[in-house]
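For reference, the chains in residue letters:
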Amino acid sequence: MRIKSFLPVICFAFIAVYGCREDGKPLAQNTLEAPEGMVYIPSGSFMMGGKTDQAEADEFPRRKIGVSDFFMDQTEVTNKEFSAFVEETGYVTTAEMALDWDEMKKELLPGTPRPADSVLQPGSLVFRPTEGPVDLRDLSQWWEWKIGASWKHPEGPGSTIEDRMDHPVVHVSFRDAQAYARWAGKRLPTEAEWEWAAMGGLEDAIYPWGNTPAEQAAEKANFWQGIFPYRNEPMDGFVGTAPVRHYPKNGYGLYDMAGNVWEWCQDKYRADAYAQELSPTEAFDPQGPIEAFDPGDPLAEKYVVRGGSYLCSDSYCSGYRVARRMRTTADTGMGHLGFRCVKDVR
C-alpha cells in the first residue's frame, strides 16, 4: 500500500568472456556486444546472501547460486529516458492516479476506516528530515504523503525535473517499472542477477566498489553521510539524487549499483526466501518465491528492491551493501525509488 510502504564470486576461467587478475578484479576479454546503454554481464556462480555483522536475518542462509549471462542497463533509468516512454505511450504512473480504496483495504486489518477523499488524491511519499533523533522503527517520522508528488514533481507541486533529466527517475511503482521495461523490450532483473552484477566480478565483495568501509567511501557512491534522518553531511556532493555516471562504475561497467535510488527487482519478497529448500533447478537462475510474505506486514504483497539510496547510512539500513534486501508493495512510489532493466542474451 502506497501510504504505508513503501557472494564469494567465483573468478571463473571462462576464457571467451573473462579472465581474472591477481588483485581479484575482473579482466574483460571477448565479451558480447551489448545493446546501446547496456553492458554484458557474464554467467557465473556465487554465494548469495549476507556476509557481515550488518546483515539482516532475511539475507541468510547463504547458498550457492548460478546465473546465466545477460545484458543490464549501465545506469538507472533517467528522467530523460522515462519522459520518452511517457511521450510515446501516454502512460500515466501510479502516483498520478487517485488511490483505489477497494484495493488498499485488502492490505489492511478488517474494519480499518476509509480515509477522507482528500487523502486519496494522487500523490506519493516524499522524504522529510526530522529535527533530531527519532525512533528508527517508525518510518512515518520522515516520510510524508505529498499530494501532487510524482516522477515529474519529485518534491510535490512546484518542483520540477527540468534540471534533473540525467538523474534517475523516482516515484515509480513496480507496475510503472514493468510497463517501461516492456516498452523498451527488456525486463526487471531477478534478485540473483542484481546481486551478481552489483559485485562487478570481485570475489565476495561487500559493496560494488569492494570492501572499503562506507565511512571511507564518500567518493564511491551517493548515500547519507551523518546521522539519519536529521543530519546529512553531503561529503559525496549531493543531498538528494545525483546524475547517473557521476560516481565510478564497477568492474562490469555499471554505475550506481550502490546508493542514489533503490531499484526494483522482479522477485516477490519473502523474509524466509533464502531458508526455503532449493532444488537443483532452482539453484540456477532462481526466479524468487511464488508467494510474497513480510511478517511485519502479512497482508501486503511486496517485491524486492536493491541497492540502497541517497538516504541509506550505516546508522540506519546500510542499503548499499550488495546483499541488502528491502521490500515494498507494487503500487508504492517514493522519492528514492527507481529501477534499471536487463535483457536476455538469448
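Scoring rules and cut-offs
- Residues numbered from 1 in each chain as written.
- Predicted model: local features only at pLDDT ≥ 70, side-chain atom pairs only at ≥ 80, totals over all residues.
- Heavy atoms only, no water.
- Core = buried A, V, L, I, M, F, W, Y, C linked by side-chain atoms within 4.5 Å.
- Buried < 20%, exposed > 50% of the residue type's maximum accessible area, 1.4 Å probe, protein only.
- Helix = DSSP H or I, 4+ residues; strand = E, 2+ residues; numbered from the N terminus.
- Contact = heavy atoms within 4.5 Å.
- Salt bridge = Lys/Arg side-chain N within 4 Å of Asp/Glu carboxyl O.
- Axes fitted to C-alpha atoms, helices over the stretch in contact; angles between N-to-C directions.
- Parallel < 35°, antiparallel > 145°, perpendicular 65-115°, else oblique.
- Nonpolar A, V, L, I, M, F, W, Y, C, P; charged D, E, K, R; others polar.
- Pairing = 2+ DSSP bridges.

A. Inspection of the nonpolar core at higher detail. Residues Phe82, Trp264 and Phe339 are the most contacted members of the largest nonpolar core, which totals 48 residues. Only helix H1 (79–89), strand S7 (123–127), strand S8 (143–147), helix H3 (174–183), strand S11 (262–268) and strand S12 (302–306) provide two or more residues apiece to this core. Of all the elements, H3 adds the most residues to this core, at five residues. Among the nonpolar cores identified, the runner-up in size contains 26 residues, and Val67, Trp194, Val322 and Val342 belong to it.

B. Representation of the side chain of glutamate 263 in the model. Take glutamate 263: it is sitting in strand S11. For glutamate 263, a relative accessible area of 1% translates into the label buried. Those residues in contact with glutamate 263, other than ones at most four positions away along the chain, are Glu76, Trp194, Asp256, Met257, Val304, Val305, Arg306, Gly338, Phe339 and Arg340.

C. Spotlight on the pattern of salt bridges. By the definition in use, this model includes 26 salt bridges. The partner of glutamate 96 in a salt bridge is lysine 152, and the shortest N-O contact between them spans 3.4 Å. Of the two residues, glutamate 96 is situated in the loop between H1 and helix H2 (101–104) and lysine 152 in the loop between S8 and H3; the sequence distance between them amounts to 56 residues. With relative accessibility at 26%, the residue glutamate 96 sits in the partly exposed group. The salt bridge involving glutamate 263 is made with arginine 340; its shortest N-O contact spans 2.9 Å. Taken together, the positions of glutamate 263 in strand S11 and arginine 340 in the loop between strand S14 (337–338) and strand S15 (342–344) put the pair 77 residues apart, joining distant regions of the chain.

D. Spatial organisation of the packing of H1 against H3. The geometry of H1 relative to H3 is characterised by a closest axis approach of 11 Å and an angle of 80° between their N-to-C directions. It follows from the interaxial angle that H1 and H3 lie roughly perpendicular. Residues Glu81, Phe82, Ala84, Phe85, Glu88 and Thr89 of H1 pack against Asp176, Ala179, Tyr180 and Trp183 of H3. Taken together, the residues of the contact of H1 with H3 break down into six nonpolar, one polar and three charged.

E. Region of interest: the sheet that holds strand S13 (residues 326–329). Strand order in the open sheet formed by four strands is S13-S12-S11-S14, and the pairing between neighbours is mixed. Only two strands of the sheet have a single neighbouring strand rather than two, namely S13 and S14. Where S11 meets S12, three bridges bridge the pair, whose relative direction is antiparallel. Directly across from glutamate 263, in S12, lies its bridge partner arginine 306.

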